[in-house]
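# Structural features, examined
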Amino acid sequence: MARSRVTVLLQGETGTGKEVMARAIHDLSGRSGPFVAVNCGAIPPGLVESELFGHRKGSFTSAEDNAGLVRSSDRGTLLLDEIGDLPLPAQAALLRVLQEDEVRPVGVSHPVKVDLRVIAATHRDLERLSREEKFRTDLLARLCGIALHLPALRDRREDLGLLVAAILRKHAGDRAANISLTAEAARALLLHPWPRNVRELEKCLAGAVVLAGAGRIDLEHLPPDVRSASEGRPAPQPPGEPALDEQERKLYDDLVAQLQAHHGNVTETAHAMGKARTQVQRWMRRYGLDPVSFR
Ligand SMILES: Nc1ncnc2c1ncn2[C@@H]1O[C@H](COP(=O)(O)OP(=O)(O)OP(=O)(O)O)[C@@H](O)[C@H]1O
Ligand SMILES: [Mg+2]
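Note that the structure is a prediction, hence the values are computed from the model and not measured. (Residues numbered from 1 in each chain as written. Chains lettered and ligands numbered in written order. Predicted model: local features only at pLDDT ≥ 70, side-chain atom pairs only at ≥ 80, totals over all residues. Heavy atoms only, no water.)

## Some thoughts on the sheet that holds strand 1 (residues 8-11)
This is how the line gets drawn: Here, any two strands with at least 2 DSSP bridges between them count as paired. Helix and strand assignments come from DSSP, with helices taken as H or I runs of at least 4 residues and strands as E runs of at least 2, each series counted from the N terminus. Lines are fitted to the C-alpha atoms to define the axes, a helix being fitted only along its stretch in contact, and any angle between axes, read from their N-to-C directions, falls within 0 to 180 degrees. Contacts are assigned to residue pairs with any non-hydrogen atoms lying within 4.5 Å of each other.
The parallel open sheet is built from five strands, whose spatial order is 2-3-6-1-7. Pairing within the sheet leaves two strands with one partner each, and these edge strands are strand 2 (35-39) and strand 7 (146-149). Put simply, the sheet's adjacent strands are angled 15° from each other on average, direction ignored. Across four bridges, the pairing between strand 3 (residues 77-81) and strand 6 (residues 118-122) is parallel. Note that in strand 6 the partner of Leu-80 across the bridge is Ala-120. In the packing of helix 1 (residues 18-29) onto the sheet, the strands contacted are strand 1, strand 2, strand 3, strand 6 and strand 7, and the crossing angle to strand 1 comes to about 155°.

Shown next as structure tokens:
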């Protein structure tokens, strides 16, 4: 899959490793051009087309010639991150680029050929956005050459060991082989629901490595919310088994997704879920979710 030019759509909650995956696909692709990542949500709406497709000098006041991100990634890989935030007019222009392998810079009448490999990523539900007519169905179909869903960390607890080892290697270098966790610390990692996924695990371990110094990583070296998950909970489930029952897990997943979509705003989250604010606050306390961590 990496070596083909097929368009890949990566979906998954924040921090599940979509960008890590996109870079890995590019590294394995053998493509000679660069890996270019663009956060579609961070470009001011009026500039999306010129940033992506480039523009010719003079097409705006004081604008210099600009190749645009699409042409900058010629023969390489273009990661369109947060594609769900792309405004509708830019979606139409992007669809043309994908269909025709050519780009029409702002202020230029003739199209320019590009050898493009696109990977798109988002934590938003594109199917839902397209039902709400905020995302073009034809663009969604075009992006889904291969659609990969990166699971939440709480749904792949069996990978915790590998992830912890990789993150310790990154943050402790040569010392990593000598670092170990106490049984209590390992249990807390296993029980915590990780609403911010691998990013949160990495932040937690980077801090623990510093705090533990030459000693073993213990409960006291973990952030309070990670510690609290292990307090008063039943023993860890075997790997692969959900820690919550089916119905509760659905509720938990929905709550986390809505908090992410509304950047930790509890009133908007409650509204989106059709529940009272006090009910949502009760659930957040139950699962140890802090709205501040979603901002
Ligand atoms: N498989 C992995 N091994 C080691 N570290 C990982 C892995 N996956 C993700 N990470 C780490 O987790 C952090 C978040 O990863 P990444 O930026 O790829 O997430 P994302 O899905 O793009 O998140 P967002 O939706 O918020 O942009 C990074 O710091 C990355 O180094
Ligand atoms: Mg990302």
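Right, picking up where we left off after that structure.
## So, the site of ligand 1
Applied cut-off: The cutoff for a nearby residue is simple: one of its non-hydrogen atoms must lie within 4 Å of the molecule or strand. A 3.5 Å cut-off defines polar contacts: any pair of N or O atoms within that distance qualifies, except that in protein one atom must be a possible hydrogen donor and the other a possible acceptor, and neighbouring residues in sequence count only when both atoms are side-chain atoms. Using a 1.4 Å probe, the Shrake-Rupley method yields the accessible areas, and only the shown protein chains count as cover for residues. Any residue with an atom within 4 Å of a point lines the site, the site being either a cavity, points on a 1 Å grid over the protein atoms alone where a 1.4 Å probe fits but cannot get out, or a pocket, an open set with protein on both sides within 12 Å along at least 5 of 7 lines. Grid points define the cavity or pocket, and a molecule sits in it when more than half of its atoms lie within 2 Å of them.
For ligand 1, the set of nearby residues contains 13 residues, the closest of which are Thr-14, Gly-15, Lys-18, Val-20 and Glu-202. Between an oxygen atom of ligand 1 and a main-chain N or O atom of Thr-16, the distance comes to 3.4 Å. Within the side chain of Glu-202, one N or O atom sits 2.8 Å away from an oxygen atom of ligand 1. Here ligand 1, which alone exposes 640 Å², has 77% of that area covered by the protein. In a pocket analysis with a 2 Å cut-off to the grid points, ligand 1 is assigned to the largest pocket. Breaking the shell around ligand 1 down by element, the ones donating at least two residues are helix 1, helix 7 (160-172) and helix 9 (197-212).

## With respect to the pattern of salt bridges
As a reminder, the rule being used: Here, a salt bridge means any Lys or Arg side-chain nitrogen found within 4 Å of an Asp or Glu carboxyl oxygen. Classification of residues uses two cut-offs on accessible area relative to the type maximum, computed with a 1.4 Å probe and protein chains only: under 20% is buried, over 50% is exposed, and between them is partly exposed.
Under the criterion given, the structure shown has 13 salt bridges. Asp-138 is the partner of Arg-136 in a salt bridge, and the nearest nitrogen-oxygen pair spans 2.8 Å. With a relative accessible area of 29%, Arg-136 lands in the partly exposed category. Residue Asp-253 pairs with Arg-154 through a salt bridge whose shortest N-O separation is 2.7 Å. One end of the pair, Asp-253, is in helix 11 (residues 246-261); the other, Arg-154, is in the loop between strand 7 and helix 7, with 99 residues separating them in the sequence. Given the relative accessible area of 5%, Arg-154 is considered buried. By sharing partners, the salt bridges in this structure join Arg-5, Arg-31, Asp-101 and Asp-115 into a single network.

## A short note on the packing of helix 11 against helix 13 (residues 277-287)
Applied cut-off: The scheme is simple: roughly parallel for angles under 35 degrees, roughly antiparallel for over 145, roughly perpendicular for 65 to 115, oblique for anything else. Under the grouping applied here, Gly and all other residues not named as nonpolar or charged are polar, the nonpolar ones being Ala, Val, Leu, Ile, Met, Phe, Trp, Tyr, Cys and Pro and the charged ones Asp, Glu, Lys and Arg.
Taken N-terminus to C-terminus, the directions of helix 11 and helix 13 make an angle of 110°; their axes are 11 Å apart at the nearest point. Regarding the angle of helix 11 to helix 13, the classification is roughly perpendicular. The segment helix 11 lies against helix 13, with Glu-248, Leu-251, Tyr-252, Leu-255 and Leu-259 engaging Val-280, Trp-283, Met-284, Arg-286 and Tyr-287. Partitioning the contact of helix 11 with helix 13 into residue classes produces eight nonpolar, no polar and two charged.

## Re the layout of surface pockets
Where empty space is left can be seen by rolling a probe of water-molecule size over the atoms. The condition that has to hold: Grid points are joined across faces, edges and corners, and a volume is the space filled by probe spheres set on the points.
The volume enclosed by the largest pocket comes to roughly 1,500 Å³. Residue lining of the largest pocket: 50 residues in total, with Gly-12, Glu-13, Thr-14, His-123 and Gln-260 positioned closest to the centre. Here the residues of the lining of the largest pocket are counted per class, giving 13 nonpolar, 14 polar and 23 charged. Size it by volume and the second largest pocket reaches roughly 370 Å³. Taken together, 19 residues make up the lining of the second largest pocket; nearest its centre are Arg-196, Glu-200, Lys-203, Asp-225 and Ser-293. Secondary-structure elements contributing two or more residues to the lining of the second largest pocket are helix 9 and helix 10 (224-228).

## As for the domain arrangement of the protein chain
This is how the line gets drawn: What counts as a domain boundary in this text is fixed by an automatic or database domain assignment. Once two parts are put together, the accessible area they lose, assessed with a 1.4 Å probe and summed over both, is termed the buried area.
Looking at the protein chain, the domain boundaries give domain 1 (8-149), domain 2 (153-228) and domain 3 (246-294). One C-alpha centre belongs to domain 2, the other to domain 3; they are set 25 Å apart. Tallying the contact residues gives five residues for domain 2 and nine residues for domain 3. Interface of domain 2 and domain 3: buried area, both sides summed, is about 680 Å²; carbon and sulfur atoms make up 42% of it. On the domain 2 side of the interface with domain 3, the three residues burying the most area are Arg-154, Pro-195 and Arg-196, jointly 67% of the side's total. The interface formed by domain 2 and domain 3 includes two residue pairs in polar contact (both at pLDDT 80 or more).

## Quick word on the environment of Phe-294
By the secondary structure assignment, Phe-294 is in the segment after helix 13. Sequence separation between Phe-294 and Asn-265 is 29 residues, and the spatial gap between their C-alpha atoms is 8.4 Å. Beyond its immediate stretch of four places on either side in the chain, Phe-294 contacts Pro-195, Arg-196, Val-256, Leu-259, Gln-260, His-263, Gly-264 and Leu-289.

## Side note on the side chain of Lys-18
We count it as follows: Lys and Arg are tallied as positive, Asp and Glu as negative. Neither His nor the chain termini are counted.
With respect to the helices, strands and loops of the structure, Lys-18 is situated in helix 1. Buried and without a salt bridge, Lys-18 has Glu-82 as its closest oppositely charged side chain, separated by 5.7 Å. Excluding its chain neighbours within four sequence positions, the residues that come into contact with Lys-18 are Leu-10, Gln-11, Gly-12, Glu-13, Ala-121, Thr-122, His-123 and Leu-150.

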